[in-house]
Amino acid sequence: AIQLNPAFVDAQMNLGRMWLALRCEQEASEVFETAVRLDPSLAAAHIELGRALATLGRCSDGLASCERALRISPNNANALILHARILHLLARYSEALTASGRALDRDPNNTDAIITRVTVLLELDQTDDAIAGADRCIALDPNKAEAYRCRARALQILGRHIEAIADYKKAIELAPGSDLAK
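Heads up: these notes are all about the structure in this document. Just so it is clear, the structure is predicted and the values come from calculations on it, not from any experiment.

### Considering the pattern of salt bridges
In step 1: All told, the structure shown has twelve salt bridges when counted by the stated rule.
In step 2: Measuring nitrogen to oxygen at the nearest pair gives 2.8 Å for the salt bridge that ties E95 to R92.
In step 3: Take E95: its relative accessible area is 38%, and that puts it in the partly exposed class.
In step 4: Put simply, E146 and R149 hold a salt bridge, and the shortest N to O gap is 2.8 Å. Of the two residues, E146 and R149 are both situated in helix 9 (residues 145-157); the distance of three residues between them amounts to about one turn of the helix.
In step 5: A single network of salt bridges, built from pairs that share partners, joins R17, E48 and R51.

Next up, the structure:
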């Protein structure tokens, strides 16, 4: 039997994360595929592979990888959030809403899970609930630019343009140069 060196798998994971940080998703996906082959029971490898694949536009493959992670670790917050995000990307909004609810059941104060739910609520035209979620996220983390962007979008839909402008400005202030104001 092949002896697995945990330090090598850890190095693979760190390398893959570096590629993701550099927005080199193809390279990251290749590294994470290696990590999965080395240790198929490592949920984090499946999660990161799913993230890289979804970013490459291979959402179905990313979802499959994420679902493998959830079979290994059903309550993994990162897997639950990624699962909801990929379902959202696939326009499977009711499933994404359920998945984001599972993530919030696990950790009600997880701002990434809250934002994921808010983005799904916006797609479902549930703007009042989206605003409430964004407000909650801002209360938990007033520096979360994405919460301001989501709330701005909901306010804009409701025709509350002055408030929306203020929130878009705040999102840009918190994350200058990012895609958040789009």
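Now, onward.
### Considering helix 10 (residues 161-174)
In step 1: The end-to-end C-alpha distance of helix 10 is 20 Å, a good match for the 20 Å that 14 residues give at a rise of 1.5 Å each.
In step 2: If you check which residues of helix 10 are buried, you get A164, D167, Y168 and A171. Considered in projection along helix 10, the buried side chains sweep an arc of 105° and stay on one side of the axis. When the buried face of helix 10 is taken as reference, the exposed residues oriented beyond 90 degrees from it are I162, K169 and E173.
In step 3: In this structure, the buried side of helix 10 is in contact with helix 9.

Basis of the calculations
Residues numbered from 1 in each chain as written. Predicted model: local features only at pLDDT ≥ 70, side-chain atom pairs only at ≥ 80, totals over all residues. Heavy atoms only, no water. Salt bridge = Lys/Arg side-chain N within 4 Å of Asp/Glu carboxyl O. Buried < 20%, exposed > 50% of the residue type's maximum accessible area, 1.4 Å probe, protein only. Helix = DSSP H or I, 4+ residues; strand = E, 2+ residues; numbered from the N terminus. Expected span 1.5 Å × (residues − 1). Arc of directions from axis to C-beta. Contact = heavy atoms within 4.5 Å.

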